[in-house]
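Fold and geometry: a report
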Amino acid sequence: MKTFLIKTLGCKVNSYESEFVRNLLLNENYKEVEENADICLVNTCTVTNTADNKSKQVINNIRKSNPNAIVVAFGCFCEFRKDNINDLIDAEIILGTKNKTKVLKCIKDYEKNHERIILFDDSKEDVFEDMEIKKYEHHHRAFIKIEDGCNNFCSYCIIPYVRGRVRSKDFNKCIIEVNDLALSGHKEIVLSGIHTGQYNSDNKRLADLINEISKVDQIKRIRLSSVEIVELDDKMMDIIKNNKKFVSHLHIPLQAGCDKTLKAMNRRYDLEYFTNKVNTIRSLRPNISLTTDVIVGFPGETEEDFEDTLNYCKQIGFAKIHVFPYSDRNGTVASRMPNHVPRTIVKERARKLIELSDSLEKEYFKKFINTEEEVLVEEFKNDYYHGFTENYIPVKLKEATPNEIVKVKLTKENINYNLED
């Protein structure tokens, strides 16, 4: 029996695509192992120069550790570096971002002919590459990729150039996938994409999809991996207000708490717009968890600009901030901007914002002590069962059953976070 291993770098969309590839191989009776595999696959990332270097390093380390294996490299790093990919990595099969459904065929072709395969799709038309996952073996939350590509062209981001323009999975295919996952026992669905809020299939938008998924009895929770603030239209606000299966958690990227920086980033809102939307969301769901992404050290960001970001994040009171030190990305508008911030200053700003995030997260969790919440139990490790409330509070329990939703009275002891001052 042939063996394989798969390494995934980057975002939740990459994780979904790797899970699809994993299922393809398992269904063909390949056996998954953790080392010494016949076939080694790496799903790459190119969101920053650091991600590029990590992708290259992982591929080359896998080659050294598995010298006789068929190495398959695919995804965003390969797509972005396609003009000189031969000089960067040693792999038998190299695919871009639009041919992941062809991985198994390429492996079989290589096993038959032993001829190197390099496959990129240079067509101008962006078509959604259909994938379907019927069951996640190792996760109780089930991800569905409903959208790919991005039209925003934020000045720091290379993704629109490697993923292409926005396109969406067919509405009915999404519902079929949800039903299959429900039949496999999954209770929570996470809708994901590069730009999830841009979902549009025959004029059926994200809110329409959420409402239709809500009709599936076995599905108890519906979550978004992330959504842009400008995509929370009236229909989505109605979801937040009235849909009982839509969880009380939204991840809404802010990126900067300074209008000058937002404009330089080519973000499509200002702080007034963001604040008004957040206020509306909280009027509909007062205890909702709002998490965000913030980039620190963007070119031209002054100390005053950074202080504005710190103060704005405090004002909004996010439940958590994912902090990204600015990393220059060759090929983006930002990489050509003047006044790049020294790395030592970027690191210090990141430290301060992470410190604030820890404080805000602790403050948010403490609000729920002595309240009764429903927890989806996900796994057993380190002597405890672990799961999350719908608003993404991590909980640990001495006794529970995985993949069950149980009511739990939250305490300092069972919230899986250090809440001591």
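Summarised in this report is the structure supplied together with it. (Residues numbered from 1 in each chain as written. Predicted model: local features only at pLDDT ≥ 70, side-chain atom pairs only at ≥ 80, totals over all residues. Heavy atoms only, no water.)

**Some remarks on the overall build of the protein**
- When helices and strands are counted, the protein shows 13 helices and 19 strands.
- A globule of 421 residues ought to have a C-alpha radius of gyration of about 22 Å, and the protein, at 22 Å, matches this closely.
- The principal-axis extent of the C-alpha atoms belonging to the protein is close to 60 × 55 × 45 Å.
- Within the span of the protein, comprising 421 residues, buried residues form 54% of the whole.
- Put simply, 72% of the contacts in the protein that link residues at least 6 apart link residues at least 24 apart. (Helix = DSSP H or I, 4+ residues; strand = E, 2+ residues; numbered from the N terminus. Rg over C-alpha atoms; globule rule 2.2 N^0.38 Å. Buried < 20%, exposed > 50% of the residue type's maximum accessible area, 1.4 Å probe, protein only. Contact = heavy atoms within 4.5 Å.)

**Quick notes on the packing of aromatic side chains**
- Using the criterion set out here, one finds eleven aromatic pairs in the structure.
- With a centroid separation of 6.2 Å and 70° between ring planes, the pair formed by Phe 274 and Tyr 312 is classed as edge-to-face. With Phe 274 in helix α11 (residues 271–284) and Tyr 312 in helix α12 (residues 303–316), this residue pair connects regions lying 38 residues apart in the sequence. Tyr 312 matches Phe 274 in its accessibility class, with the two residues each being buried.
- Members of the aromatic cluster, joined through ring pairs, are Tyr 269, Phe 274, Tyr 312 and Phe 318. (Phe/Tyr/Trp six-rings, centres within 6.5 Å; stacked < 30°, edge-to-face > 60°.)

**As for the nonpolar core**
- Counting 94 residues, the largest nonpolar core has Leu 41, Leu 191 and Leu 250 as the members making the most contacts within it.
- Apart from the residues within four sequence positions on either side, Leu 250 is in contact with Leu 224, Val 227, Leu 232, Ile 240, Ile 281, Ile 288, Ser 289, Leu 290 and Thr 291.
- Among the nonpolar cores identified, the runner-up in size contains 21 residues, and Ile 59, Ala 69, Ala 73 and Phe 77 belong to it. (Core = buried A, V, L, I, M, F, W, Y, C linked by side-chain atoms within 4.5 Å.)

**Describing the pattern of salt bridges**
- All chains considered together, the criterion is met by 34 salt bridges.
- Across the salt bridge formed by Lys 145 and Asp 148, the nearest N and O atoms sit 2.9 Å from each other. Asp 148 matches Lys 145 in its accessibility class, with the two residues each being buried.
- We note a salt bridge from Glu 379 to Lys 381, for which the minimum N-O separation is 3.6 Å.
- For Glu 379, a relative accessible area of 39% translates into the label partly exposed.
- A network of salt bridges, in which partner residues are shared, links Glu 17, Lys 100, Lys 145, Asp 148, Arg 163 and Arg 167. (Salt bridge = Lys/Arg side-chain N within 4 Å of Asp/Glu carboxyl O.)

**Thoughts on the packing of α11 against α12**
- Put simply, α11 and α12 touch, their axes get as near as 11 Å, and they point 20° apart. Taken as axis vectors, α11 and α12 run roughly parallel relative to one another. Considering the relative orientation of α11 and α12, their crossing is right-handed. Contacts between α11 and α12 involve Leu 271, Phe 274, Thr 275, Val 278 and Arg 282 from the first element and Tyr 312, Gln 315 and Ile 316 from the second. (Axes fitted to C-alpha atoms, helices over the stretch in contact; angles between N-to-C directions. Parallel < 35°, antiparallel > 145°, perpendicular 65-115°, else oblique. Left-handed = near helix turned anticlockwise from the far one by under 90°.)

**Points about the pairing of strand β14 (residues 289–296)**
- Buried residues dominate β14, accounting for eight of its eight residues.
- The two faces of β14 match: Ser 289, Thr 291, Asp 293 and Ile 295 on one face and Leu 290, Thr 292, Val 294 and Val 296 on the other face are all buried.
- Judged from the six bridges that link them, β14 and strand β15 (residues 320–325) form a sheet pairing that is parallel. Following the sheet pairing, Thr 292 is matched in β15 by Ile 321.
- Each parallel crossover has a hand, and the one from β14 via α12 to β15 is right-handed. (Pairing = 2+ DSSP bridges. Right-handed = clockwise from strand over helix to strand, strands pointing away.)

**Notes on the packing of helix α8 (residues 206–213) against helix α9 (residues 234–242)**
- Put simply, α8 and α9 touch, their axes get as near as 8 Å, and they point 30° apart. Taken together, α8 and α9 sit at an angle that is classed as roughly parallel. Taking contact as the criterion, the partners of Leu 206, Ala 207, Asp 208, Ile 210 and Asn 211 in α8 are, on α9, Lys 235, Met 236 and Ile 239.
- Residue classes in the contact of α8 with α9 are distributed as five nonpolar, one polar and two charged. (Nonpolar A, V, L, I, M, F, W, Y, C, P; charged D, E, K, R; others polar.)

**A word on the sheet that holds strand β4 (residues 70–75)**
- Spatially, the six strands line up as an open sheet ordered β2-β1-β3-β4-β5-β6, and their pairing is parallel. Looking along the sheet, the strands with just one partner apiece sit at the ends: β2 (31–32) and β6 (117–119).
- Sheet topology places β4 next to strand β5 (residues 93–95); three bridges connect them, and they run parallel. Paired with Phe 74 across the bridge in β5 is Leu 95.
- Relative to the sheet, helix α2 (residues 49–65) contacts β1 (3–8), β3 (39–44) and β4, its axis offset from that of β3 by approximately 175°.
- Against the sheet, helix α5 (residues 103–113) engages β3, β4, β5 and β6, with an angle of about 155° to β5.

By themselves, these figures tell us nothing about what the structure is for.
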